[in-house]
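Chains, contacts and geometry: an overview
For reference, the chains in residue letters:
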Amino acid sequence: MDNDLHEAIADRLRETIPDPVLEAIGPEGFQEALTRVCSAMETRVGERLSEGLSDAELEEFSDLADSVADEEVTAWLQLHRPDYEDVIMDVIVELIDEVALQLTRAFVTYSAGTDQEPQALDDGSQDH
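Residues numbered from 1 in each chain as written. Predicted model: local features only at pLDDT ≥ 70, side-chain atom pairs only at ≥ 80, totals over all residues. Heavy atoms only, no water.

Before going further, it helps to examine the side chain of Glu 98. Examined against the element boundaries, Glu 98 turns out to sit in helix α5 (residues 84-111). Polar contacts involving the side chain of Glu 98 include one to the side chain of Arg 44, which spans 3.0 Å. (Helix = DSSP H or I, 4+ residues; strand = E, 2+ residues; numbered from the N terminus. Polar contact = N/O pair within 3.5 Å; in protein donor to acceptor, adjacent residues only side chain to side chain.)

This is the structure:
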């Protein structure tokens with residue numbers, strides 16, 4: 001993932017998590033949340049982009065992704081999945097919203113003084 005995209009994701013995540021939650025989790029918790037979004041993004045984007053492709057196209061794309069420059073992969077996506085940029089953005093927003101909601105729920109539960117411990121973040125690898 002290029003640095004600009006990573007920073008854009010970090011900024012969006014920072015804007016989406018409520019300030020009291022950001023303060024409670026601190027920089028370390030924020031980094032963990034960012035790492036989870038970025039890690040899950042690759043898997044989920046791959047799943048979404050593969051929807052509607054034939055087995056032959058999936059194999060062709062897999063071979064390309066493993067052996068050629070990013071420009072060639074992008075050209076292939078433009079031809080076979082012209083909506084790929086929208087798919088990527090949809091997945092990013094979806095993951096950020098999911099992580100922010102998980103953190104907020106954990107914060108509210110913990111702040112309410114219940115006996116429940118805040119739950120670990122979901123890694124986003126499940127179907128949603």
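Attention shifts here to the packing of helix α3 (residues 55-67) against helix α4 (residues 70-80). At a minimum axis separation of 10 Å, α3 and α4 run at an interaxial angle of 160°. By the angle class used here, α3 and α4 are roughly antiparallel. Crossing hand, α3 versus α4: left-handed. Here Glu 57, Glu 60, Phe 61, Leu 64 and Ala 65 of α3 come into contact with α4, specifically with Val 73, Trp 76, Leu 77 and His 80. (Axes fitted to C-alpha atoms, helices over the stretch in contact; angles between N-to-C directions. Parallel < 35°, antiparallel > 145°, perpendicular 65-115°, else oblique. Left-handed = near helix turned anticlockwise from the far one by under 90°. Contact = heavy atoms within 4.5 Å.)

In this section: the packing of aromatic side chains. Scanning the model with the defined rule gives one aromatic pair in all. Ring plane angle 35° and centroid distance 5.1 Å describe the contact between Phe 61 and Trp 76, whose orientation is recorded as tilted. Taken together, the positions of Phe 61 in helix α3 and Trp 76 in helix α4 put the pair 15 residues apart, joining distant regions of the chain. Take Phe 61: its relative accessible area is 22%, and that puts it in the partly exposed class. (Phe/Tyr/Trp six-rings, centres within 6.5 Å; stacked < 30°, edge-to-face > 60°. Buried < 20%, exposed > 50% of the residue type's maximum accessible area, 1.4 Å probe, protein only.)

Once that is clear, we can look at the confidence of the model for the chain. Per-residue confidence for the chain gives a mean pLDDT of 86; residues scoring 70 or more make up 88%. Ranking the elements of the chain by mean pLDDT puts α3 last with 88 and helix α1 (residues 3-16) first with 93. Segment residues 123-128: pLDDT under 50, and 10 contacts once partners within four positions in sequence are set aside and those in other chains are kept. (pLDDT = per-residue confidence, 0-100.)

Our focus in this paragraph is the side chain of Arg 81. Inspection of the secondary structure puts Arg 81 in the loop between α4 and α5. Polar side-chain contacts of Arg 81 include one of 2.8 Å to the backbone oxygen of Leu 49. Engagement of the side chain of Arg 81 in a polar contact is seen with the backbone oxygen of Glu 51, the distance being 2.9 Å. Excluding anything up to four places from it in sequence, Arg 81 contacts Arg 48, Leu 49, Ser 50, Glu 51, Leu 53, Trp 76 and Val 87.

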